[in-house]
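What follows is the residue order along each chain.
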Amino acid sequence: MSAEANAVEGLKAVLRNIATAEAEARRARGSVELVAVTKTFDADAIRPVIETGHRSFGENRVQEAQGKWPELKAEFPDIELHLIGPLQSNKTKEAVALFDVIQSIDREKIAKEIAKEIGKQGRAPRLYVQVNTGLEPQKAGIDPREAAAFVQRCRSEHGLTIEGLMCIPPFDENPGPHFALLEKLAGEAGVEHLSMGMSGDYETAIAFGATKVRVGSAIFGHRPKPDQD
Ligand SMILES: *Cc1c(COP(=O)(O)O)cnc(C)c1O
């Protein structure tokens with residue numbers, strides 16, 4: 001079987017598992033959206049998955065995404081591209097121009113830059129705040145104790161509509177408590193969506209209320225390099 005066929009099989013398997021996890025959690029069928037994470041994979045590897053009708057994709061680096069997605073998006077205009085990696089302020093312009101959803105707002109400066117670019121470009125990606133639920137110093141995301149107030153400031157000071165929270169639990173910990181914390185914070189902040197769960201734990205995340213799961217290697221196979229995020 002070719003790598004492309006494997007990715008299509010991987011996608012189907014993950015979609016089946018999501019449906020099972022929704023049912024087990026007594027959640028409505030289709031209440032969880034799969035964001036297929038394509039970082040490190042090129043357009044040829046991604047295309048067969050697009051051709052099955054899947055439309056939601058995620059990348060963690062602006063520059064890498066610029067190398068493959070403008071052409072694919074021109075060809076398939078209903079694709080929804082999510083930025084799931086840390087955003088540098090000097091890349092905000094490019095990020096607002098390319099992405100349909102930015103999941104990684106985590107500080108005042110970025111919120112301000114995004115608001116400025118939305119005003120300039122007349123293009124408004126949907127927005128999430130990333131929360132560092134494990135308080136890991138090397139990881140992006142706002143301190144959970146400041147998350148609800150930060151969401152409020154995004155609204156009141158920057159005029160941004162925040163529709164969800166995102167987290168990446170510490171690699172070596174049971175993710176359940178982190179998912180539960182994000183769910184609680186979303187209630188406090190008054191946001192609807194929870195982006196949580198990756199290849200190793202998306203079914204658990206669904207049990208804790210995830211509405212977006214971000215799954216890469218379970219679809220596309222192992223990435224050549226380990227993740228530095
Ligand atoms: C790479 C990545 C994922 C997907 O990870 P897999 O373990 O391959 O499913 C999800 N979220 C973020 C933020 C990532 O960088």
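Structure: see above.
How each quantity is defined
Residues numbered from 1 in each chain as written. Predicted model: local features only at pLDDT ≥ 70, side-chain atom pairs only at ≥ 80, totals over all residues. Heavy atoms only, no water. Axes fitted to C-alpha atoms, helices over the stretch in contact; angles between N-to-C directions. Helix = DSSP H or I, 4+ residues; strand = E, 2+ residues; numbered from the N terminus. Parallel < 35°, antiparallel > 145°, perpendicular 65-115°, else oblique. Left-handed = near helix turned anticlockwise from the far one by under 90°. Contact = heavy atoms within 4.5 Å. Nonpolar A, V, L, I, M, F, W, Y, C, P; charged D, E, K, R; others polar. Salt bridge = Lys/Arg side-chain N within 4 Å of Asp/Glu carboxyl O. Buried < 20%, exposed > 50% of the residue type's maximum accessible area, 1.4 Å probe, protein only. Near = heavy atom within 4 Å. Polar contact = N/O pair within 3.5 Å; in protein donor to acceptor, adjacent residues only side chain to side chain. Areas by Shrake-Rupley, 256 points an atom, 1.4 Å probe, with all protein chains shown as cover. Core = buried A, V, L, I, M, F, W, Y, C linked by side-chain atoms within 4.5 Å.

(A) Representation of the packing of helix 2 (residues 43-51) against helix 3 (residues 62-75). Interaxial distance between helix 2 and helix 3 falls to 11 Å at its minimum, and their mutual angle equals 30 degrees. As judged from the angle between their axes, helix 2 and helix 3 are roughly parallel. The hand of the helix 2/helix 3 crossing is right-handed. Judged by residue contacts, Ala-43, Ile-46, Arg-47 and Ile-50 of helix 2 engage Lys-68, Trp-69, Leu-72 and Glu-75 from helix 3. When the residues that make up the contact of helix 2 with helix 3 are grouped by side-chain class, the tally is five nonpolar, no polar and three charged.

(B) Summary view of the pattern of salt bridges. Applying the stated criterion across every chain, the model contains 16 salt bridges. Across the pair Lys-68 and Glu-59 runs a salt bridge whose closest N-O atoms are separated by 2.9 Å. In terms of burial, Lys-68 and Glu-59 fall into one category: buried. Note that Lys-73 is salt-bridged to Asp-100, the shortest N-O span being 2.9 Å. Taken as a pair, Lys-73 in helix 3 and Asp-100 in the loop between helix 4 (92-98) and strand 4 (101-105) lie far apart in primary sequence, 27 residues in all. On the basis of relative accessible area, Asp-100 is assigned to the buried category, the value being 17%. Sharing partners across several salt bridges, the network here consists of Glu-59, Glu-64 and Lys-68.

(C) Inspection of the site of the ligand at higher detail. Of all residues adjacent to the ligand, which total 13 residues, the nearest are Lys-39, Ser-199, Gly-216, Ser-217 and Arg-223. Between the ligand and Gly-216 there is a distance of 2.8 Å, counted from an oxygen atom to a backbone nitrogen or oxygen. Between the ligand and the protein, one listed contact pairs an oxygen atom with a side-chain N or O atom of Arg-223 at 2.7 Å. Considered on its own, the ligand offers 380 Å² of accessible surface; in the complex 94% of this is hidden by protein. Partitioned by chemical class, the residues of the shell around the ligand number five nonpolar, four polar and four charged.

(D) Region of the structure containing the nonpolar core. Trp-69, Ile-102, Ile-105 and Ile-114 are the most contacted members of the largest nonpolar core, which has 62 residues in total. If near-sequence neighbours (up to four positions away) are discounted, Ile-102 is found in contact with Leu-83, Leu-87, Ala-95, Val-96, Ile-114, Pro-125, Arg-126, Leu-127 and Tyr-128.

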